[in-house]
Amino acid sequence: GQQVQQSPASLVLQEGENAELQCNFSSTATQLQWFYQSPGGSLVSLLSNPSGTKHTGRLTSTTVTKERRSSLHISSSQTTDSGTYLCAIDQQGTGSKLSFGKGAKLTVSP
Amino acid sequence: EAGVTQSPRYAVLQEGQAVSFWCDPISGHDTLYWYQQPRDQGPQLLVYFRDEAVIDNSQLPSDRFSAVRPKGTNSTLKIQSAKQGDTATYLCASSFQYEQYFGPGTRLTVL
C-alpha cells in the first residue's frame, strides 16, 4: 500500500488564512522532507524535519516520529503559495530513496 | 550556479514510438536520479546513479526503459515502444551528499 498518505488532497483558502497539511507514513522514516511544486514547475525542498518542530519563514513543520505523522502549517497564506505540497520520507537516511505522497494542492485566492 | 536542466520540456508520441530524455545535473553533484510523476501523483523513483554506476534500478521497467550516465555527468533516459501508461512528467534530480535538486521535468504524452 501507499507508504506516504497526505491530507487534504486539495485546499482552497482566502489570502491571509492559515493552511494545515498532514502527512502520515506507514514505514519508519529516518528523514522526512516537505517539498513545494509550482504549477508546471520543478520541486523545491522546503524543509527537512525527522522529528520535533522546525520553522522557516511562514512555515512550521511538526513531526511526531513515534506516531508516524508530520504536519506543515503555512501562516498568513499568499497567492504565491498556490501549488502542490508533497511530503517524502527517506527510510535509509541517505537521502537517496525518497518515497513521496500524492501531494496536497493548495489554491490561495486574493 | 546553474540548476538541473532537462530537455525536451514536452514530448507527444504515438504508442510504439521511442523517446529520449536528457538531463544535465548541477556541476559537482555525483548522484543523479530519474523519477516518473503521473498526473496527480507524487514522483516515483525509477533509477539513480552515483557517478557512472547504477545504484538502484529496481523500479525501472527494464523491458522498455533504459538509463545511462556514461561519464558520470549528463544522463539519458530512453523509452522504447512507449505506451499510453507512460504518460507522465519525467523528473531528473541531482545531489551531493543529501539534498536533492530537481529539474523542471519533461512532460510526456503518449496518444
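Everything discussed here concerns the structure shown above.
So, how was this worked out
What you see as residue numbers is a count from 1 along each chain, following the sequence as written. The order in which chains are written sets their letters, starting at A; the order in which ligands are written sets their numbers, starting at 1. In view of the model being predicted, local features appear only for residues whose pLDDT reaches at least 70, and side-chain atom pairs are presented and counted only at 80 or more, with totals across whole chains, interfaces and linings using the full set of residues. To obtain the side-chain values, all non-hydrogen atoms of the structure were included, while hydrogens and water were left out. The way it works is that DSSP assigns letters per residue, a run of H or I at least four long becomes a helix, a run of E at least two long becomes a strand, and they are numbered from the N terminus. Here the radius of gyration uses the C-alpha set of atoms, whereas the globule reference equals 2.2 Å times the residue count to the power 0.38. Think of it in three bands: residues with accessible area under 20% of the maximum for their type are buried, residues over 50% are exposed, and the middle band is partly exposed, with areas taken using a 1.4 Å probe on protein chains only. We call two residues in contact when some of their heavy atoms are within 4.5 Å. Here's the idea: put two parts together, see how much 1.4 Å probe accessible area each one loses, and the total over both is what we call buried area. By definition here, a salt bridge exists when the distance from a side-chain nitrogen of Lys or Arg to a carboxyl oxygen of Asp or Glu is within 4 Å. Strand pairing follows a simple DSSP-based rule, namely that at least 2 bridges must link the two strands. Nitrogen and oxygen atoms within 3.5 Å of one another constitute a polar contact, given that in protein one can donate a hydrogen and the other can accept it, and given that sequence-neighbouring residues count only through two side-chain atoms. Put simply, buried Ala, Val, Leu, Ile, Met, Phe, Trp, Tyr and Cys residues joined by side-chain atoms within 4.5 Å make one nonpolar core.

Asks: Account for the overall build of chain A, naming residues and giving values.
Replies: The helix and strand tally for chain A stands at zero helices and eleven strands. In chain A, the succession of α and β elements from N to C terminus is β-β-β-β-β-β-β-β-β-β-β. For 110 residues, the compact-globule formula gives about 13 Å, and the C-alpha radius of gyration of chain A, at 13 Å, lands near that figure. Considered along the principal axes of its C-alpha atoms, chain A spans approximately 40 × 25 × 20 Å. Within chain A, the fraction of its 110 residues that count as buried is 45%.

Asks: Please provide a residue-by-residue account of the interface of chain A and chain B, values included.
Replies: At the junction of the two partners, chain A supplies 21 residues and chain B supplies 22 residues. Summing the contributions of chain A and of chain B, the shared interface buries around 1,500 Å²; its carbon and sulfur component is 48%. The three residues of chain A that bury the most area against chain B are A:Leu43, A:Ser96 and A:Lys102, which together make up 30% of that side's buried surface. For the interface between chain A and chain B, the tally reads one salt bridge.

Asks: If you had to explain the environment of A:Lys66 to someone new, which residues and values would you point to?
Replies: On the secondary structure map, A:Lys66 appears in the loop between strand 7 (59-64) and strand 8 (69-74). Taking C-alpha positions, A:Lys66 is 8.8 Å from A:Thr28, a pair spaced 38 residues apart along the chain.

Asks: How would you sum up the pairing of strand 5 (residues 44-50) of chain B? Please name residues and give values.
Replies: All names here are of chain B. Within strand 5, five of the seven residues are buried, which leaves the element mostly enclosed by the surrounding structure. Of the strand pairs in this sheet, strand 4 (residues 31-37) and strand 5 are connected by six bridges, and their pairing is antiparallel. Each residue of the ladder has a partner; that of Tyr33, found in strand 5, is Tyr48. Counting the residues that bridge the hairpin from strand 4 to strand 5 gives six residues, and of these Asp40 lies at a positive phi of roughly 60°. Sheet analysis places strand 5 next to strand 6 (residues 53-56), joined by three bridges and oriented antiparallel. Bridge assignment links Arg50 to a residue of strand 6, and that residue is Ala53. Between strand 5 and the antiparallel strand that follows it, strand 6, lie two residues; Asp51 among them carries a positive phi value of about 55°.

Asks: Lay out the pattern of salt bridges with the relevant residues and their values.
Replies: Here the idea is simple: oppositely charged side chains can pair when their charged atoms come close. Scanning the entire structure with this criterion turns up four salt bridges over all chains. Between A:Glu67 and A:Arg69 there is a salt bridge, with its nearest N and O atoms 2.6 Å apart. A salt bridge links B:Asp56 to A:Lys97; its shortest N-O distance comes to 2.6 Å. A residue pair is termed interchain when its members come from two chains, as with B:Asp56 in strand 6 and A:Lys97 in the loop between strand 9 (83-90) and strand 10 (98-100).

Asks: Could you give an account of the side chain of B:Arg64, naming the residues involved and the relevant values?
Replies: All names here are of chain B. As for its position among the elements, Arg64 is in the loop between strand 6 and strand 7 (65-68). Owing to a relative accessible area of 13%, Arg64 belongs among the buried residues under this scheme. Of note is the side chain of Arg64, whose polar atom sits 3.2 Å from the backbone oxygen of Ser81. Apart from residues lying up to four places away in sequence, Arg64 is in contact with Lys78, Ile79, Gln80, Ser81, Ala82, Lys83 and Asp86.

Asks: Pulling in residues and values, what's your account of the environment of A:Thr107?
Replies: Residues and elements named next belong to chain A. You can see Thr107 is positioned in strand 11 (residues 104-109). On the basis of relative accessible area, Thr107 is assigned to the partly exposed category, the value being 32%. Measuring from C-alpha to C-alpha, the distance between Thr107 and Gln22 comes to 16 Å, with 85 residues separating the pair along the chain. Sequence-distant contacts of Thr107, that is, excluding residues within four places in its chain, are made with Leu11, Val12, Leu13 and Ser82.

Asks: How would you sum up the nonpolar core? Please name residues and give values.
Replies: Within the largest apolar cluster, 23 residues are counted, with the highest numbers of intra-cluster contacts made by B:Phe21, B:Trp34, B:Leu77, B:Ile79, B:Tyr90 and B:Leu108. Counting only elements with at least two residues in this core, the list comes to strand 2 (10-13), strand 3 (19-24), strand 4, strand 5, strand 7, strand 8 (75-79), strand 9 (88-95) and strand 11 (106-110) of chain B. Those residues in contact with B:Leu108 that sit more than four places away from it in its chain are B:Ala11, B:Leu13, B:Val19, B:Phe21, B:Ile79, B:Asp86, B:Thr87, B:Ala88 and B:Tyr90. Counting residues in each nonpolar core, the second largest holds 20 residues, with A:Leu13, A:Leu32, A:Cys87 and A:Ala104 among its members.

Asks: Describe the environment of A:Gly103, and please don't skip the residues or the numbers.
Replies: Residue and element names in this part refer to chain A. As for its placement among the helices and strands, Gly103 is situated in the loop between strand 10 and strand 11. The spacing of Gly103 and Tyr85 is 18 residues in sequence and 5.3 Å in space, taken between C-alpha atoms. Each residue touching Gly103, except ones within four places of it in the same chain, is listed here: Gln6, Pro8, Ala9, Thr84, Tyr85 and Leu86.

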